[in-house]
Amino acid sequence: MSLEPTSPYLLIFRDTSPDLYRALSPEERVALLNRWRAWAHQLKDTGKLVQGSPLADEGRVVKGPRGRHVVDGPYAESKEEIVGYFLVNAADFEEATAIAGECPGLPHGMVVEIRPLADCCAVSRTLEVPSASSSQHEVFA
Amino acid sequence: MTAETETVSAASRPDSAQSSEIVEHFFREQSRRLYGTLTRILGPRDLSIIEDVVQEACFRALRTWSIGGIPDNPAGWITRVAINLARDAMRRTQMATTKEAALIAFFEQQESTPLAAAAGDGKLPDDSLRLLFVCCHPSISPEAQVMLSLKVLCGFTTRQIAVAFTSSDAAVEKQLARTKRRIRELGMAFDLPEGEELALRLNSAHIALYLLFNEGYKASSGERPIHEELCREAIRLTVLLLDHPVGRTPRSHALLALMLLTAARFPSRLSMSGDLLRLTDQDRTKWDQALINRGLFHLGQSAEGDDFSEYHVQAGIAATHCIAPSYESTDWSQILELYDRLVAIKPTAIVALNRAVALSHVKGPEAALAALETIGSGESLKSHYLFHAVTGELHSRLNHHERAADCFRQALNLAELRPEQAHFERQLERLYISRDHREREVGHRPAESHA
């Protein structure tokens, strides 16, 4: 589909200061949602956004050599809670960085971490998870 | 497939863009609705908990929908989150288990009914009216009533209330906390009052709504959109009152008529450059005829029965202005008559001041100045810029230029809002121009006689 070869990058969204969000007026909230929406649509229409999702508030952490240590709640070690992710196709790190730089959450204290998916992943081959070779996927079909 | 991926695909499919569009007032409407529903289930004792739940539910919606897109039924989504949060809060605070049962029952009903229907469970007007009566309880001070109403009934943030009241966030927060504590102490029920109690509570609600409207009307500077919003909310809540048999009284009609007939003239209040325009200078073609018609309709409805409140009189005055094709052709004797009645109901200095303006059009500026002499003896009025503005205007009409200028200078000193100050600066400028002109004429005449 895309003419240039692209690689998958994971954009990890972290909230550093939920209070900034909480202080938004109802109208500002709608405006922010609309900015996200426009951003996601534009990424989707240009074939860059492969998949993405917010994360639910609950979670569990499994630890210990035999997985016996199970803790409720999201992994609380970090102050910067992961709230969701986008999987994007980008030509290179620079393009992925440029995409992340347009995240509408940034002015509200959101932090976006960019992680390229390492290639030669056996798991993605067996599960047909999008990798460098396959761009668009049926998630949005 | 998990709920999250469903959400993502829904938001990202262009064809569903239409269905998941949310409107500007979405969060405000949701928070109003949730306040009503939760207060019905949990009672007004725990408004603080309810507020936290409503806030948190809206916040989670924002956070999740940002990344995931807006779900097909956003209202149902928020309700589900809010009910869960409320249940958690109940468990944490170990509140009466009956309430938890009620929550679970509501929750299950939500789950079993199609989500679209669940979003509005048909009790909204009733809930809102009950909430209005809680917020406007006579045991709460009128200003506190208005602040709580803005929060609970209008979905305003603390910040927005602070802007509206030119106060600080902290001060508003403190006042709201005090009010909620008061409601708790009073052990208020979430019910519709009856009999004598109803008249008392309605009266209190009318005062709060009038104050809310006035708060928006009087401030013409600063964050204008907020202030027009206050007037809109006052109108919305008064309509709500009239929608319910309990609140549908001639006095409620009169109050709504007053608001509509005043709001109808908003579009012409400011000039292109944002200056305040006097009634005489306003472009009457800009008046909102639809609002005037609605106002006149409710004024008609208000005449049923023998109640003749201050709202009736004020609505009558506003209507007389609205139906006059020009300032000059205004029925001033009708307005004066109405002000005479208003003075009898509400003998305040401001009412007397307004009456003097009407008097000046019926009996001339001298009569009005004489009337102002008597009411102006009270110090309180002399510290109000309007007193000097009106006196200055009357002197100006009598060509007492120096005295008029003195008055406008005092008005200028006392006015706090920029558009008002600008107005008096212009008045002074006009006076100076006409004085210069006069002096030139005076300067010419002796020369001519010498010739």
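A quick note: this is a predicted structure, and the numbers were derived from the prediction, not measured. (Residues numbered from 1 in each chain as written. Chains lettered and ligands numbered in written order. Predicted model: local features only at pLDDT ≥ 70, side-chain atom pairs only at ≥ 80, totals over all residues.)

## With respect to the overall build of chain B
Scanning chain B for helices and strands turns up 22 helices and 0 strands. Across the 451 residues that make up chain B, the buried fraction comes to 41%. Across chain B, contacts joining residues at least 24 apart in sequence account for 64% of those joining residues at least 6 apart. (Helix = DSSP H or I, 4+ residues; strand = E, 2+ residues; numbered from the N terminus. Buried ≥ 20, exposed ≤ 12 C-beta atoms within 10 Å, placed from the backbone. Contact = placed C-beta atoms within 7 Å.)

## Some points on unusual backbone geometry
At B:Asn399, a position not held by glycine, the phi torsion is positive, near 60°. Within the element layout of this structure, B:Asn399 appears in the loop between helix H20 (385-397) and helix H21 (401-414).

## Things to note about the interface of chain A and chain B
With 25 residues of chain A at the contact, the number on the chain B side is 30 residues. Among the elements of the structure, helix H1 (18-22), helix H2 (26-45), strand S2 (49-54) and strand S5 (81-90) of chain A are those that each provide at least two residues to the side of chain A that touches chain B. Per element, the largest residue contribution to the side of chain A that touches chain B is 10 residues, and it comes from H2(A). Partitioning the side of chain A that touches chain B into residue classes produces 14 nonpolar, 5 polar and 6 charged. (Nonpolar A, V, L, I, M, F, W, Y, C, P; charged D, E, K, R; others polar.)

## Overview of the sheet that holds strand S1 (residues 7-15) of chain A
Overall, antiparallel pairing links the 4 strands, which are arranged S2-S5-S1-S6 (chain A) in an open sheet. Looking at the sheet topology across the chains shown, the edges are occupied by S2 and strand S6 (110-116) of chain A. Within this sheet the neighbouring strands show an average axis-to-axis angle of 15°, counted without direction. The sheet contact formed by S2(A) and S5(A) spans 5 bridges and is antiparallel. Note on S5(A): the bridge partner recorded for A:Pro54 is A:Gly84. Contacts from helix H3 (residues 47-68) of chain B reach S1, S2 and S5 of chain A within the one sheet, and its direction differs from that of S2(A) by about 170°. (Pairing = 2+ DSSP bridges. Axes fitted to C-alpha atoms, helices over the stretch in contact; angles between N-to-C directions.)

## With respect to the nonpolar core
Within the largest apolar cluster, 129 residues are counted, with the highest numbers of intra-cluster contacts made by A:Val88, B:Ala57, B:Ala82, B:Ala86, B:Leu132 and B:Leu261. Not counting chain neighbours up to four residues away, the residues in contact with B:Ala82 comprise B:Leu34, B:Leu38, B:Val53, B:Val54 and B:Ala57. (Core = buried A, V, L, I, M, F, W, Y, C linked by C-beta atoms within 7 Å.)

## Notes on the packing of helix H18 (residues 365-375) of chain B against H20(B)
All names here are of chain B. Interaxial distance between H18 and H20 falls to 9 Å at its minimum, and their mutual angle equals 150°. Relative to H20, the element H18 lies roughly antiparallel. Viewed along their axes, H18 and H20 form a crossing whose handedness is left-handed. Two secondary-structure elements touch here, H18 through Pro365, Ala368, Leu369 and Leu372 and H20 through Thr391, Leu394 and Arg397. For the contact of H18 with H20, a count of residues per class yields 5 nonpolar, 1 polar and 1 charged. (Parallel < 35°, antiparallel > 145°, perpendicular 65-115°, else oblique. Left-handed = near helix turned anticlockwise from the far one by under 90°.)

## So, the environment of A:Phe86
Residues and elements named next belong to chain A. Here Phe86 is to be found in strand S5. A tally of 24 C-beta atoms within 10 Å means that Phe86 is categorised as buried. Taking C-alpha positions, Phe86 is 9.9 Å from Lys48, a pair spaced 38 residues apart along the chain. Setting aside chain neighbours within four positions, we find Phe86 in contact with Leu11, Leu49 and Gly52.

## Description of helix H17 (residues 349-363) of chain B
All names here are of chain B. Spanning 15 residues, H17 covers 20 Å between terminal C-alpha atoms, matching the ideal 21 Å at 1.5 Å per step. Looking only at H17, the buried set comprises Ala352, Leu353, Arg355, Ala356, Val357, Ala358, Leu359 and Ser360. Gly364 sits one or two residues past H17 and shows a positive phi near 95°. (Expected span 1.5 Å × (residues − 1).)

## Observations concerning the packing of H3(B) against helix H4 (residues 74-93) of chain B
All names here are of chain B. Relative orientation of the contacting elements H3 and H4 amounts to 140°, with a least axis distance of 9 Å. It follows that H3 is oblique to H4 by the angle criterion. Once H3 is placed against H4, the crossing between them reads as right-handed. Of the residues in H4, those in contact with Ile49, Val53, Val54, Glu56, Ala57, Cys58, Arg60 and Ala61 of H3 are Trp77, Ile78, Val81, Ala82, Leu85, Ala86, Ala89 and Thr93. Of the residues contributing to the contact of H3 with H4, the split by class is 13 nonpolar, 1 polar and 2 charged.

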